[in-house]
Amino acid sequence: QVQLVESGGGLVQTGGSLRLSCTASGRAYSAYSVGWFRQAPGKEREFVATTRWGGGSVYYTDYADSVRGRFAISRDNAKNTVWLQMNSLKPEDTGFYYCAARSSTTRATMTNDYDIWGQGTQVTVSS
């Protein structure tokens, strides 16, 4: 029903910033929980951030400890888009970043909790 497309990746130096976007092709995108995950070569895909609908105009967010204070997730429901603002980037932030969605508003931070995935966008942070 919903398809996701990520964009905004690229190559930046340590301390730089990037803003990733995830755009959904379907309507009622606010009914889904949306998460950002990343995967470095040779490592498992890991949770980065999530936003979920709490009812009405209420939305909740959560972050991995490794990115809290540096990354921020936001959404524009009118544009069916979720953003991931990444500041103070470090080499360990390098990886392929994916957005994912699921048809539930409960808190979920594990890869296998999500059923719908985008194709991802590469983020490389040079030292």
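For the structure given in this document, a descriptive report is provided here. (Residues numbered from 1 in each chain as written. Predicted model: local features only at pLDDT ≥ 70, side-chain atom pairs only at ≥ 80, totals over all residues. Heavy atoms only, no water.)

Quick word on the pairing of strand β6 (residues 58–63)
Across six bridges, the pairing between strand β5 (residues 46–55) and β6 is antiparallel. Residue pairing for β6: Arg52 is matched across the bridge by Tyr60. (Pairing = 2+ DSSP bridges. Helix = DSSP H or I, 4+ residues; strand = E, 2+ residues; numbered from the N terminus.)

Topic: the state of the cysteines
One pass over the full model with this rule turns up one disulfide. Here Cys22 connects covalently by a disulfide to Cys99, the sulfurs 2.1 Å from one another. In this structure, the disulfide formed by Cys22 and Cys99 twists by about 65° around the S-S bond and is classed as right-handed. With Cys22 in strand β3 (residues 18–24) and Cys99 in strand β9 (residues 95–102), this residue pair connects regions lying 77 residues apart in the sequence. (Disulfide = S-S within 2.5 Å.)

So, the packing of aromatic side chains
For any pair of aromatic rings, the description rests on two quantities: the centre-to-centre distance and the angle between the ring planes. One pass over the structure, following the stated rule, counts six aromatic pairs. Seen in terms of ring centroids, Tyr114 and Trp117 are 6.5 Å apart; in terms of plane orientation they differ by 70°. Their pairing is edge-to-face. Counting every residue linked through ring pairs, the aromatic cluster contains Phe37, Phe47, Phe96, Tyr98, Tyr114 and Trp117. In this structure, Arg45 packs its charged tip against the face of Tyr98, placed 3.8 Å from the ring centre. (Phe/Tyr/Trp six-rings, centres within 6.5 Å; stacked < 30°, edge-to-face > 60°. Lys NZ or Arg CZ within 6 Å of the ring centre and 35° of its normal.)

Spatial relationships are all this shows, so hold off on functional conclusions.
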